[in-house]
Amino acid sequence: METLYHQTNKQIQEVQSLMGRLENTDRQSVHLLENELQARIDQIFSHLERLEILASKEPTNRRQNAKLRVDQLKYDVQHLQTALRNFQHRRYSRETQDREREELMSRTFTTNDSDTSIPIDETLQLNSNLNNAHRGMDDLLGSGSSILTGLRDQRGTLKGTHKKMLDVANMLGLSNTVMRLIEKRATQDKFIMIGGMLLTCVVMFLVVKYLG
């Protein structure tokens, strides 16, 4: 298990390093880099499934610690997956904007055109502002959706970690006072997470209401 764990951890670090190159990669190569990153992330998820099986077979005194280490790797790779999806969404929005601009600039009028009117500057400016507002809303909604997904994943991870921490505490014979403090902290973290989710929903609602 140790060999596969260190190999998977190294792969996560390599993906993190490659993620830093996305913003500086030219348009012709960014698709290849995205595909490579997705393939590596898929491979990491496959390794994590194997690690979960191996962790469950560890001796009793090492099993809890092994599962916590695997959960941390899973938490890291889920965030990398979310970051990649956010970048792809932003890139798609930029490419759509550039394509619409090129189509507008390349449009030509002939004597046979049924519509020979030329948009005035104010109309173009209004249309540009509307497009920017819609793209901004799409980016915000996409980011909000990714954040909510990440929060749900974190909630599941935290619940599992909390249960495992209590199991470890029982094994180590910790006092009831310490265990109550752990439970109190877990409850506080839960309220903070729920508050963050509600705040995100309110912001998304206000943006849709006032920019729509």
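Residues numbered from 1 in each chain as written. Predicted model: local features only at pLDDT ≥ 70, side-chain atom pairs only at ≥ 80, totals over all residues. Heavy atoms only, no water.

Concerning empty space enclosed by the protein
Take a probe with the size of a water molecule and roll it over the atoms, and the empty space left behind shows itself.
For step 1, the next point in the chain: Considering all chains together, one arrives at one cavity of 30 Å³ or more under this definition.
For step 2, the next point in the chain: Considered as a void within the structure, the largest cavity measures approximately 30 Å³ in volume.
For step 3, the next point in the chain: Lining the largest cavity, in full, are Tyr-75, Gln-78, His-79, Thr-82, Gly-150, Asp-153 and Gln-154.
For step 4, the next point in the chain: Among the secondary structure elements, those contributing two or more residues to the lining of the largest cavity are α3 (60-106) and α4 (121-172).
For step 5, the next point in the chain: Among the residues making up the lining of the largest cavity, the classes are represented as one nonpolar, five polar and one charged. (1 Å grid on protein atoms, 1.4 Å probe; cavity = no way out; pocket = protein on both sides within 12 Å on 5 of 7 lines; lining within 4 Å. Points joined across faces, edges and corners; volume = space filled by probe spheres on them. Helix = DSSP H or I, 4+ residues; strand = E, 2+ residues; numbered from the N terminus. Nonpolar A, V, L, I, M, F, W, Y, C, P; charged D, E, K, R; others polar.)

Digging into the nonpolar core
For step 1, the next point in the chain: Residues Val-15, Met-19, Leu-22, Leu-37, Leu-48 and Leu-51 are the most contacted members of the largest nonpolar core, which totals 23 residues.
For step 2, the next point in the chain: Elements represented by at least two residues in this core include exactly α1 (2-19), α2 (27-56) and α3.
For step 3, the next point in the chain: At nine residues, α2 tops the list of elements feeding residues into this core.
For step 4, the next point in the chain: When sequence neighbours within four positions are dropped, the list of residues in contact with Leu-22 reads Val-30, Leu-33, Glu-34, Leu-37, Leu-84 and Phe-87. (Core = buried A, V, L, I, M, F, W, Y, C linked by side-chain atoms within 4.5 Å. Buried < 20%, exposed > 50% of the residue type's maximum accessible area, 1.4 Å probe, protein only. Contact = heavy atoms within 4.5 Å.)

What about the packing of α1 against α2?
When two helices pack together, their arrangement is given by the angle between the helix axes and the distance between those axes.
For step 1, the next point in the chain: Packing of α1 against α2 brings their axes to within 10 Å, and their N-to-C directions diverge by 155 degrees. In terms of their interaxial angle, α1 and α2 are classed as roughly antiparallel. Remark: the crossing between α1 and α2 carries left-handed chirality. Residues Leu-4, Tyr-5, Gln-7, Thr-8, Gln-11, Ile-12, Glu-14, Val-15, Leu-18 and Met-19 of α1 form the contact with α2, whose participating residues are Leu-33, Glu-36, Leu-37, Arg-40, Ile-41, Gln-43, Ile-44, His-47, Leu-48, Arg-50, Leu-51 and Leu-54.
For step 2, the next point in the chain: Of the residues assigned to the contact of α1 with α2, the class counts are 13 nonpolar, five polar and four charged. (Axes fitted to C-alpha atoms, helices over the stretch in contact; angles between N-to-C directions. Parallel < 35°, antiparallel > 145°, perpendicular 65-115°, else oblique. Left-handed = near helix turned anticlockwise from the far one by under 90°.)

Everything listed is a geometric property; what it means functionally is a separate question.
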